[in-house]
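What the coordinates show
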Amino acid sequence: MLRAVAVAAWLSLAPATTGALELQEGFERDWDAQVAPTCRSGRGTFVRRVVAGACGEPGSFAWNGEPGRAHGAPGCSEGSGCEENWVAVHRFEHFEAGGPFGTANRGVLEILTTREKQQSIAGRMRVDFHVHEDVPVAGAGEHYLIVHNLDLAETECPRDCAGVADTATSHGDGPDRYRWYGVIGGAFGEPADRDSPIHAGSVGFAVEVPRRVEEPGDRPNDLIDVSYLPYSVGGLGKAFPAGWYRIEIERTAEQYRYGVWRLEAGAFVPVVPDDGGSHERRFSAALLAGPLGRPLGPGYVGLTVAWFGGAARQGAHVDWDTLEVHW
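For clarity, every value in this text was computed on a predicted model and none was experimentally measured.

1. Observations regarding the nonpolar core
Phe129, Phe205 and Trp320 are the most contacted members of the largest nonpolar core, which totals 46 residues. Breaking this core down by element, the ones donating at least two residues are β8 (123-131), β10 (142-150), β13 (181-188), β14 (202-210), β18 (243-251), β19 (255-264), β22 (300-307) and β23 (317-326). Val147, Leu150, Ile184 and Tyr300 belong to the second-largest nonpolar core, a separate cluster that totals 13 residues.

Structure, rendered in structure tokens:
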């Protein structure tokens, strides 16, 4: 607790352009069930970001802070200040009809992100997240996004919290919308998405990278097929398993590495992919720049959830615990 508060205090005072980003956050600061966390964290480590086109309803209604013990958080162990440990909870609270799967959370994709920009394209980050039930695979599901080199720009939306701007991936609906490097975990693959290297009804983890957008309707990002790590309940491809996961991302000038672990009997152990491969995937960093023709510059670290699957997913949530960033 004291370490997290000290780090948060340091970030609120340190110049934004000094040194690399070194952060460990346990969500113990400014998270409670009574006050929207974004409105409490004007000077803190995290702020909420929303995509362009989300003016109107404040997006922060879908975030909450809850005691870590109630969610079995890895950082909440006996004798380590468990009663003061909180997790950031993102819920699928609303459903509106539209498209094959409805419009999740009224079209708002929310990002919980560090305030301070990364100082380099190279670095390492690690985060724990919890899925509270098996996510069915039916051409839609839930995406748990851990992103870096994310480019944000303030939108023209009115601010719903003093000192916390609504932002979007740069240029809103233009060709740079949603451009970031990161890892997707969960059940995904839409039947109509024929261009995706991960087919409909797939589950697991994959890396998404930005690509050129030359025509209206072009995908702003691509999934790297060599990075896909298939993982399902019992290896049967039927659902993404509930539980606590740990994802680590490392980017160097030469290569990109990410690994996935699962909490078992109080310890994180490597997951066993359905294809029998390793829980870590490595590939050339050139693959990150290839589809776009250039690498993304330094940006932000972000956590978010994209909800799919219509009204049947209402009430689902994902919990985020300790985030470590060394960029």
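2. A word on the pattern of salt bridges
One pass over the full model with this rule turns up ten salt bridges. A salt bridge links Arg211 to Asp222, with the nearest nitrogen and oxygen atoms 3.7 Å apart. Taken as a pair, Arg211 in the loop between β14 and β15 (221-223) and Asp222 in strand β15 lie far apart in primary sequence, eleven residues in all. A relative accessible area of 26% means that Arg211 is categorised as partly exposed.

3. Regarding the pairing of β18
Burial within β18 is extensive, with eight of its nine residues counted as buried. Here nine bridges tie β8 to β18, and the two strands are oriented antiparallel to one another. Considered in β18, the bridge of Asp128 is made with Arg246. Here seven bridges tie β18 to β19, and the two strands are oriented antiparallel to one another. From the neighbouring strand, Ile249 faces β19, where its bridge partner is Tyr258.

4. Focus: unusual backbone geometry
A positive phi angle is found at Asn149, which is not glycine, with a value near 50°. Positionally, Asn149 belongs in strand β10. With a relative accessible area of 2%, Asn149 lands in the buried category. Positive phi, close to 55°, is recorded for Ala265, a residue that is not glycine.

5. Some words on the environment of Glu142
You can see Glu142 is positioned in strand β10. In the structure, Glu142 is positioned 43 residues away from Gly185 in sequence and 8.1 Å away in space, judged by C-alpha atoms. Residues contacting Glu142, with those up to four places away along its chain left out, are Val131, Val135, Gly185, Gly186, Ala187, Ala306, Trp307, Arg313 and Ala316.

6. Here we look at the side chain of Ser227
Here Ser227 is to be found in the loop between β15 and β16 (229-230). Residues within four places of Ser227 in sequence aside, it is in contact with Phe205, Ala206, Val207, Tyr258, Arg281 and Phe283.

7. Digging into the environment of Gly259
You can see Gly259 is positioned in strand β19. Sequence separation between Gly259 and Arg246 is 13 residues; the distance between their C-alpha atoms is 8.1 Å. Setting aside anything within four residues of it in sequence, one finds Gly259 in contact with Arg246, Ile247, Glu248, His279 and Glu280.

Procedures and definitions
- Residues numbered from 1 in each chain as written.
- Predicted model: local features only at pLDDT ≥ 70, side-chain atom pairs only at ≥ 80, totals over all residues.
- Heavy atoms only, no water.
- Core = buried A, V, L, I, M, F, W, Y, C linked by side-chain atoms within 4.5 Å.
- Buried < 20%, exposed > 50% of the residue type's maximum accessible area, 1.4 Å probe, protein only.
- Helix = DSSP H or I, 4+ residues; strand = E, 2+ residues; numbered from the N terminus.
- Salt bridge = Lys/Arg side-chain N within 4 Å of Asp/Glu carboxyl O.
- Pairing = 2+ DSSP bridges.
- Contact = heavy atoms within 4.5 Å.

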